[in-house]
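Tertiary structure, described
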Amino acid sequence: LTLAVVLPQHNLTYPWAWPRVGPAVRLAAAAVNSRPDLLPGFTLGWVFGDSEDRHGVCSEMAAPLVAVDLRLAHHPAAFLGPGCVYSAAPVARFTSHWQLPLVTAGAEAHGFDDKSEEFGLTTRAGPSHRKLGELGVQLHRRFNWTRRALLVYWDERVDDRPYYFAAEGLYVQLPTLRNLTVMDVVFRDGGNFSFIIQEIKAKGR
């Protein structure tokens, strides 16, 4: 049995980078193979594909191409990774089409909660932004914040947009509270912070 691993090869800013995850994959495969009763008649192996682009960041183009190459060359039984949202989404769509499970520590975005079709075989081992949204709902109920919620977040629209997707979890879940108005203010590096303060004053009350 072959496990296809699609992760960033060098960039340690990602918690699921191969230098961090690789030792665990090796140990897990060795542990499984040391127990003949776990997979009788099979040996677990793995193949690796890099999800980084030439700049060293997660790539929504590199990851699915690598996944297809690994699928055609090695016929894996399952995929591990990618972790980044924009890399994981197309790979998860492919693995769903291939009827293969995908396990990831990332893919936190709210959209991965849809198990009806394209992400039906995707399992997230890490946190999800839906859970953050549900926490926000519980806080609003606990403190009786019933009129308005204002989300202020930073978004450069590059790489994996972690703050955007974190805010998305709140933005989607908070409206489940009746009559609660949810608004958002986005800021970027070098932005006009006086404008942001005025927006908070105008929209947050």
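The model shown is predicted, which means the values in this text are computed figures rather than measured ones.

A separate point is the packing of aromatic side chains. Throughout the structure, instances matching the rule amount to nine aromatic pairs. Taken together, a centroid distance of 6.4 Å and an interplanar angle of 15° make the contact between Y14 and W16 stacked. Pair check on accessibility: Y14 and W16 agree, each one buried. For the ring pair Y164 and F165, a centre distance of 5.1 Å and an interplane angle of 80° mean the geometry is edge-to-face. Positioned over the ring face of F143 is R142, at 5.4 Å from the centre of the ring. Note that R161 overlies the ring of Y164, its terminal NZ or CZ placed 4.1 Å from the centroid.

Let us look at the sheet that holds strand β2 (residues 45–50). Strand pairing in a sheet is mediated by backbone hydrogen bonds. Such pairs are either parallel or antiparallel. Read from one edge to the other, the open sheet built from five strands follows the order β2-β1-β3-β4-β5, with strand pairing classed as parallel. Single-partner strands in this sheet number two, and they are β2 and β5 (122–124). Geometrically, the sheet is characterised by an average inter-axis angle of 20° between neighbouring strands, direction not taken into account. Where helix α1 (residues 18–33) meets the sheet, it contacts β1 (2–7), β2 and β3 (78–80), and its direction lies at approximately 165° from that of β2. Here helix α2 (residues 62–74) sits on the sheet and contacts β1, β2 and β3; the angle it forms with β2, its principal contact strand, is near 150°.

Here the protein is described as being made up of domain 1 (2–124) and domain 2 (129–204). Inter-centroid distance (C-alpha atoms) of domain 1 to domain 2 is 31 Å. With 10 residues of domain 1 at the interface, the matching set in domain 2 holds 10 residues. Summed over both sides, the interface of domain 1 with domain 2 buries roughly 910 Å², with 56% coming from carbon and sulfur. Scanning the region where domain 1 abuts domain 2 turns up one salt bridge. Two residues, R130 and D113, come together in a salt bridge whose shortest N-O distance is 3.8 Å. The class makeup of the residues in the side of domain 1 that touches domain 2 is seven nonpolar, one polar and two charged.

A separate point is the environment of E156. On the secondary structure map, E156 appears in the loop between β6 (148–154) and α5 (162–173). Exposure remark for E156: the relative accessible area of 27% places this residue in the partly exposed category. In this structure, the C-alpha to C-alpha distance between E156 and V182, residues 26 residues apart in sequence, is 21 Å.

This part covers the nonpolar core. V6, L70, F79 and F112 are the most contacted members of the largest nonpolar core, which totals 21 residues. Those elements that place two or more of their residues in this core are β1, α2 and α3 (85–97). If one sorts the elements of this core by residue count, α3 sits on top with five residues. When residues no more than four places from it in sequence are discounted, the contact partners of V6 are G49, S51, A63, V66, L70, F79, L80, G81 and P82. Formed by 11 residues, the second largest nonpolar core is a distinct cluster that contains V5, W18, V25 and L80.

What counts as what
- Residues numbered from 1 in each chain as written.
- Predicted model: local features only at pLDDT ≥ 70, side-chain atom pairs only at ≥ 80, totals over all residues.
- Heavy atoms only, no water.
- Phe/Tyr/Trp six-rings, centres within 6.5 Å; stacked < 30°, edge-to-face > 60°.
- Buried < 20%, exposed > 50% of the residue type's maximum accessible area, 1.4 Å probe, protein only.
- Lys NZ or Arg CZ within 6 Å of the ring centre and 35° of its normal.
- Pairing = 2+ DSSP bridges.
- Helix = DSSP H or I, 4+ residues; strand = E, 2+ residues; numbered from the N terminus.
- Axes fitted to C-alpha atoms, helices over the stretch in contact; angles between N-to-C directions.
- Contact = heavy atoms within 4.5 Å.
- Domains from an automatic or database assignment.
- Buried area = accessible area lost by both parts, 1.4 Å probe.
- Salt bridge = Lys/Arg side-chain N within 4 Å of Asp/Glu carboxyl O.
- Nonpolar A, V, L, I, M, F, W, Y, C, P; charged D, E, K, R; others polar.
- Core = buried A, V, L, I, M, F, W, Y, C linked by side-chain atoms within 4.5 Å.

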